Amino acid sequence: MVSEVTAAGDAAVKAVLGEERFATVQNSKLLVVGAGGIGCELLKNLVLTGFRNIEVVDLDTIDVSNLNRQFLFRRIHVDRPKSVVAAEAVRQFRPEAEIISHHGNVKDAEFGLEFIAKFDVVVNALDNLEARRHVNRLCLAAEKPLLEAGSTGHLGQVTVIRKGDTECFECQAKPSQKVYPYCTIRSTPEKPVHCLTWAKNLFDLCFGPEDESNLLADLAADMRKFQAQESVDGEDAGKRIFAHLFEEDIRKQAELEDLWSDQRPPPGPLSYEEALKKNECPTDADKDKLETQKVPSVAGDAKGFVASVAKMYGERRDLIGQSSFSKDDPIAMDFVHCAANLRMQNYRIPRLSRWDAQSIAGSIIPAVASTNAIVAGLEVVQLLHVLQSLGKPMKESRARTVWVRFPEPSRKKILQPSSLHSPNPDCFVCGSRTARVALRSLEDCKIAALAKGCIQGQLGAHKPALYANGSCIFDPEYPEPGPEAEEEGLHPDWSLAQWGLSSGSLLQVEDEGQGWSINLAIREEPDLDEQPFPGGFKVEAGAGAGEEAAKDLAEKKRKAEADAQEASAAKKAALDANTVALDD
Ligand SMILES: Nc1ncnc2c1ncn2[C@@H]1O[C@H](COP(=O)(O)OP(=O)(O)OP(=O)(O)O)[C@@H](O)[C@H]1O
Ligand SMILES: [Zn+2]
């Protein structure tokens, strides 16, 4: 006997979907990843549509700042796991729904392929690329359809991913963050964002691990001078860093005459004492604003800067050398806001309130509750199409990618559907150049054994190098452990688990012998039989991937040689023609 509320709700949905589709809905098992802005709306929609087998994973706890748009949460829930509270809340809408919550990171090993294999469809409600990439790869490996969604301000998107049938999340490169020219950041900032980028790099330089790619790496030795003593006095260090960066360095910079003109006047140095005198009152326009929305005085910025350095040397002393900037860390944000404002003062750029500085430094576009609600609604519509198309080509279904665009670009349509694209054959992740290998144990399998037994032995590589997340984890020049390998950061005797690989990880194989490269997806299969697979691995797909890649490469070379020959023949002909003309 179902409760009254469920019976009434079910009857209404059945009337819309029809008996058969409603039965599919009731029997489907879903995994929802993320219980934030989109996730809360989605879970509510799912139970109200009649889904009753749902598991939800989220790594976070509820913050006060979530309450304005994550409507399943109330003030009393602050600090409790989002997944648990969201499940409790939607159970009240449909008491019979079986909702299992997991407070954890979807990238953890417990949510690997075996876990994913239990579900009919995975529905994402995530907010970061890394987690999305991970779930994409898991769903491809487990051959489960994935609904992917996202929103930024008034823009949103929902799409459907199914292995071999549609583009995967990584078939197209994602736009990367805007990069500013080095000299703009280092010497000629023109906008607040240039000064904030400089200040974020400064924070990492002063308090983070050594990093040669830091834009201010050339200042590392100078900054270390202020930190070298055993018992650094934070306030003193703050004032000395101030004098170095906002006064002395700026004075030197202003002397580089070639950089400056009437349109771009040189920056003005600022001493700490001078800064303290600039104690201007807030403007009338600022009067009714929150403290964080007012632009501080230059004196406020100077004191704030020194105080933030002093706090790092006080309460955070143990973390110096290991910290990195986060917009949500109040001390780091104070440091970056004040440092950026002081640099803006040097360069005559209007300074910012802490609020504005935090939005720019954290690249924050405010989340809009209505966009999340629309996106979550579209996800359910697409999910119904996907469930109807199970076992059939997705292209024949009504599933679409749908964009939410506001202000609407054309014909007053906020929702813009477009058909699903076919997979990109060159995709790094789902493309045909991907071999798949099952391994009995990632703990037991050594990286050198994988390279030799599997990649050389079965995929046909001559001298394979292996890469994970862009770093080399096996180099054929160092096949044995030893001091030389260690010096290169290589450990041929480390297991795949020691290299941080998990079921569903993706590696890149480069055959240095033959010059080709392929992808390698690994998964753990503890029950892999000893008898047919004594090496502890089984090539499941793409055994010929290496050969194919070698063939492609040979074909490319042959074509390049033919093109070069043709070009040289054409050049010779042109020369001959010229000679004849001259002879004539
Ligand atoms: N790797 C992950 N595993 C599990 N859950 C994740 C993972 N990465 C992100 N999430 C969850 O996805 C949800 C995304 O929701 P949302 O975009 O609303 O973010 P938020 O953190 O709640 O809000 P904001 O970032 O604006 O403060 C969050 O609840 C977050 O905890
Ligand atoms: Zn792909």
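Note that the structure is predicted; figures quoted are calculated from it, not measured. (Residues numbered from 1 in each chain as written. Chains lettered and ligands numbered in written order. Predicted model: local features only at pLDDT ≥ 70, side-chain atom pairs only at ≥ 80, totals over all residues. Heavy atoms only, no water.)

1. Thoughts on the site of ligand 1
Surrounding ligand 1, one finds 18 residues, the nearest of these being Gly-37, Asp-58, Arg-69, Lys-82 and Asn-105. Note that an oxygen atom of ligand 1 is positioned 3.2 Å from one of the side-chain N or O atoms of Asp-127. Protein burial of ligand 1: of its 630 Å² of free accessible surface, 78% is covered by the chains. (Near = heavy atom within 4 Å. Polar contact = N/O pair within 3.5 Å; in protein donor to acceptor, adjacent residues only side chain to side chain. Areas by Shrake-Rupley, 256 points an atom, 1.4 Å probe, with all protein chains shown as cover.)

2. Observations concerning the state of the cysteines
By definition, a disulfide links the sulfur atoms of two cysteines through a covalent bond. One pass over the structure, following the stated rule, counts 0 disulfides. Left unpaired, Cys-183 is separated from the closest cysteine sulfur, that of Cys-195, by 14 Å. Residue Cys-183 is classed as partly exposed on the basis of its relative accessible area of 46%. Looking at the unpaired Cys-206, the closest cysteine sulfur is the one in Cys-338, lying at 14 Å. Look at Cys-206 and you get buried, because its relative accessible area is 2%. (Disulfide = S-S within 2.5 Å. Buried < 20%, exposed > 50% of the residue type's maximum accessible area, 1.4 Å probe, protein only.)

3. Observations concerning the pattern of salt bridges
Evaluated as defined, the whole model comprises 26 salt bridges. Note that Lys-29 is salt-bridged to Glu-55, the shortest N-O span being 3.4 Å. Separated by 26 residues along the polypeptide, Lys-29 in strand β1 (residues 29-33) and Glu-55 in strand β2 (residues 53-58) bring together distant segments of the chain. On the basis of relative accessible area, Lys-29 is assigned to the partly exposed category, the value being 24%. (Salt bridge = Lys/Arg side-chain N within 4 Å of Asp/Glu carboxyl O. Helix = DSSP H or I, 4+ residues; strand = E, 2+ residues; numbered from the N terminus.)

4. Description of helix α2 (residues 19-27)
Because an α-helix packs 3.6 residues into every turn, residues spaced three or four apart end up facing the same way. Looking only at α2, the buried set comprises Phe-22, Val-25 and Gln-26. Down the axis of α2, the buried set is contained in an arc of 95°. They therefore lie on one face. In α2, the exposed positions that point more than 90 degrees away from the buried face belong to Glu-20 and Asn-27. Looking at the packing, one finds that the buried side of α2 touches α1 (4-17), α3 (37-49), β2 and α15 (369-389). (Arc of directions from axis to C-beta. Contact = heavy atoms within 4.5 Å.)

5. So, the environment of Thr-371
Locating Thr-371 in the fold gives a position in helix α15. A residue is classified by how much of its surface remains accessible, and Thr-371, at 4% relative accessible area, is buried. Not counting the four nearest positions on each side in its chain, Thr-371 is found in contact with Ser-151, Gly-153, His-154, Leu-155 and Gly-156.

6. Some words on the nonpolar core
Of all hydrophobic cores here, the largest spans 49 residues; its most connected members are Trp-198, Leu-202, Phe-242 and Phe-305. Counting residues per element, the ones that place at least two in this core are α8 (192-207), α9 (220-227), α10 (234-255), α11 (272-277), α12 (298-314), α13 (330-346) and α14 (354-361). At 10 residues, α13 tops the list of elements feeding residues into this core. When sequence neighbours within four positions are dropped, the list of residues in contact with Phe-242 reads Glu-247, Leu-270, Ser-271, Tyr-272, Ala-275, Ala-302, Phe-305 and Leu-342. Grouped together as the second largest cluster of nonpolar side chains are 47 residues, Ile-54, Ile-99, Val-121 and Met-394 included. (Core = buried A, V, L, I, M, F, W, Y, C linked by side-chain atoms within 4.5 Å.)

7. Section: the side chain of Glu-170
Assignment of secondary structure puts Glu-170 in the loop between β6 (155-161) and α7 (182-186). When its relative accessible area of 14% is taken as the criterion, Glu-170 is described as buried. Within the local environment of Glu-170, its side chain forms a polar contact with the side chain of Arg-137, the two groups lying 2.7 Å apart. Non-local contacts of Glu-170, meaning those with residues more than four positions away in its chain, are made with Arg-133, Asn-136, Arg-137, Cys-427 and Val-429.

8. So, the pairing of β1
Counting buried positions along β1 yields 4 of 5 residues, so the element is predominantly enclosed. In the sheet, β1 pairs with β2 via 5 bridges, with the strands oriented parallel. From the neighbouring strand, Leu-31 faces β2, where its bridge partner is Glu-55. Regarding the hand of the β-α-β motif, the stretch spanning β1, α3 and β2 is right-handed. Bridge count between β1 and strand β4 (residues 121-124): 4 bridges; the pairing is parallel. Looking across to β4, one finds that Val-32 is bridged to Val-123. (Pairing = 2+ DSSP bridges. Right-handed = clockwise from strand over helix to strand, strands pointing away.)

9. Here's the deal with the domain arrangement of the protein chain
As far as domains go, the protein chain holds domain 1 (4-175 + 367-418), domain 2 (182-361) and domain 3 (434-552). Each of domain 2 and domain 3 was reduced to a C-alpha centroid, and the two centroids are 46 Å apart. (Domains from an automatic or database assignment.)

10. Notes on helix α4 (residues 82-93)
End to end, α4 covers 17 Å across 12 residues, agreeing with the expected 16 Å (1.5 Å per residue, within 8%). Residues Lys-82, Ser-83, Val-85, Ala-86, Ala-87, Ala-89 and Val-90 constitute the buried set of α4. Each element contacted by the buried residues of α4 is listed here: α3, β2 and β3 (98-103). (Expected span 1.5 Å × (residues − 1).)

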